[in-house]
Amino acid sequence: MTERLPQFAGDEYRDADGIVRVVREGLCHRCGACIGFCPVNTFDVRDGYPQPARECIHCNICVRVCSGLEVDYPAIGRALYGEGYRFGPLAGPVRSAWIAHAADESLRRNGSSGGVVTGALVHWWRTGRIRGAVVTDVDPDEPARGLGVVARTEEELRRSQQSRYTTAPTLAALQQIQNDDGPFAVVGLPCQVHSIRKRQLMDPRWGPRLPILIGLLCHYNLPWEAVRLAAETFAPRGARAVNIRSRHRDERGWPHNSLHIWYDDGSEWRTKLSPRGIFNVLSRLAPLGRCLLCLDAAAEFSDFAVGDPWIRGSTGRWKYEAPEGYSVVIVHTEHGQRLWQELIEEGAIRAFEIPPEEPVEGQSAMMTEKKERVPFRIRVRRRLGLPVPRYPMPLPATPPAQVRKEIVFWLTRLNTLWRPWQRLLLRIGCGPIGQWLVRRRDARRERLAQARACKGPPPTG
Ligand SMILES: Cc1cc2nc3c(=O)[nH]c(=O)nc-3n(C[C@H](O)[C@H](O)[C@H](O)COP(=O)(O)OP(=O)(O)OC[C@H]3O[C@@H](n4cnc5c(N)ncnc54)[C@H](O)[C@@H]3O)c2cc1C
Ligand code: SF4
Ligand code: SF4
Ligand code: SF4
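The structure displayed is predicted, hence computed values, not measured ones.

**Some thoughts on the site of ligand 3**
Around ligand 3 sit 17 residues, and of these Cys-28, Cys-31, Cys-34, Cys-66 and Gly-68 come closest. Secondary-structure elements contributing two or more residues to the shell around ligand 3 are helix H1 (15-24) and helix H2 (33-37). Per-element accounting of the shell around ligand 3 gives the leading share, 3 residues, to H1. A per-class count over the shell around ligand 3 returns 11 nonpolar, 5 polar and 1 charged.

Listed below in structure tokens is the structure:
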């Protein structure tokens, strides 16, 4: 990371007031970076958002690290990948792709996918490569929310396992290591990786302090308000949620790991929907805000990114399905490739390589939404005079088929405007009708994948 990030253009956003403006304009995705990187701890966290609470020394670091406001893909891309970097490929620069799982069986079975993330962290911690990691746990005060923690023991690393599909200002935890040279790994969503790379470009001390960035694939995150609504809707009378897991496995194993809620009266509720099914329902309950303007599905600036192996085989079913679980890994940087090879050679991870196109084809719908439909949203918002994030590079054109998808997308989200609908939608979506609709959609996708496999690859030459 040698390239210096250009000074933030324009002065309309400055210091703590600039961050207040970012939040007011709906550009904040609640990554927590401004809170965590502020040298004098000016902000408190309120509902996941930064809120000025103490003196500000006007250094403007918070505004310059904010990836809700600006992501200079070319500057970060050149620093990481060299002059040849171009913004555009659906998953960013890809060095290799893998199907993998943690060699430790308990980590594999407790993971969201194949436990690769925590398998890697535990191995690096045991071998002394890192002193800890910035990860995301359940917020004990509000279990519908995630909380960033600096895990410094194996027990803390293990406790942070599994995805929380909910607001998590994880990077606020960086406040705890402002004066600690670590080294620490960070596990973050693509937007969180952007903020860290921005800080590393501004101040080289943050390079060796955070030498390993593991990204997570991300379609969107759910606002914690939608998760809380689910917890309240399915609560027995008078009971309060004490723990919520977005990706808890049932006895059938992966991919049957889905939303599970525990209440203070000892009862539990778990959805019968698949992880993708419940995600679809909950993502229609509250506005997705800044996530709808996000261009990065595959944490393009992380060392390697980890996701679920949502890849269909020639029968139309999941190609890499095992109850114990698998993760898909997309290696981005040269440093990431070295780290990955070592994890395999040192026995922490078991993996086999797959063609780099496979994970991209498997999740092409969400990746295409980010690279082709988000630019359309940004252009429309610009025309309407609404605030948009600054992306200082040309954005791809949007083909007409994607514009049609976009119209349907917005029609299915009109209900977020009217709260009484939301509980009803939740009950219908999680009940027999929703389960039937999800089964029907999955069967259709299986048939489509089968038909594509029968046709074979398009002719070449
Ligand atoms: C909001 C969100 C959206 C996602 N969307 C997709 C998707 O569209 N497609 C896909 O293939 N995969 C997606 N994933 C990634 C997937 O759910 C798994 O996290 C990934 O496969 C790693 O699984 P694992 O078993 O290897 O990791 P595990 O060993 O289970 O570790 C998971 C790690 O994720 C961290 N984490 C949990 N919640 C958050 C959070 N909210 N923010 C930051 N870090 C967190 C934990 O601290 C832990 O370190 C998403 C994850 C999240 C959190
Ligand atoms: S001290 Fe610096 S980082 Fe903190 S709020 Fe003020 S301008 Fe932002
Ligand atoms: S996007 Fe992140 S850095 Fe920007 S205001 Fe929100 S929490 Fe702060
Ligand atoms: S969609 Fe983008 S902005 Fe939203 S959580 Fe994922 S990476 Fe962050």
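**A short note on the site of ligand 1**
In the neighbourhood of ligand 1, 35 residues make up the surrounding shell, with Gly-111, Val-117, Thr-118, Val-135 and Gly-307 lying closest. Among the secondary structure elements, those contributing two or more residues to the shell around ligand 1 are helix H6 (116-126), strand E4 (132-138), strand E6 (184-188) and strand E11 (304-307). Ranked by residue count, the leading element in the shell around ligand 1 is H6, at 3 residues. Classifying every residue of the shell around ligand 1 gives 13 nonpolar, 19 polar and 3 charged.

**Some words on the domain arrangement of the protein chain**
Here the protein chain is described as being made up of domain 1 (15-65) and domain 2 (72-454). Averaged C-alpha coordinates put domain 1 and domain 2 at centres separated by 24 Å. Elements represented by at least two residues in the side of domain 1 that touches domain 2 include exactly H2 and helix H3 (61-65). Ranked by residues supplied to the side of domain 1 that touches domain 2, first place goes to H2 with 4 residues.

**Concerning helix H10 (residues 224-233)**
For H10, the set of buried residues is Trp-224, Ala-226, Val-227, Ala-230 and Ala-231. Taken end-on, H10 shows its buried residues confined to a sector of 160°, consistent with a single buried face.

**Quick word on the pairing of strand E2 (residues 49-52)**
By the bridge criterion, 4 bridges tie strand E1 (residues 43-46) to E2 in an arrangement that is antiparallel. Across the sheet, the residue bridging to Asp-44 is Gln-51, located in E2. The hairpin formed by E1 and E2 contains 2 residues between the paired strands, and Asp-47 there has a positive phi angle of roughly 55°.

Rules used in this analysis
Residues numbered from 1 in each chain as written. Chains lettered and ligands numbered in written order. Predicted model: local features only at pLDDT ≥ 70, side-chain atom pairs only at ≥ 80, totals over all residues. Near = placed C-beta within 6 Å. Helix = DSSP H or I, 4+ residues; strand = E, 2+ residues; numbered from the N terminus. Nonpolar A, V, L, I, M, F, W, Y, C, P; charged D, E, K, R; others polar. Domains from an automatic or database assignment. Buried ≥ 20, exposed ≤ 12 C-beta atoms within 10 Å, placed from the backbone. Arc of directions from axis to C-beta. Pairing = 2+ DSSP bridges.

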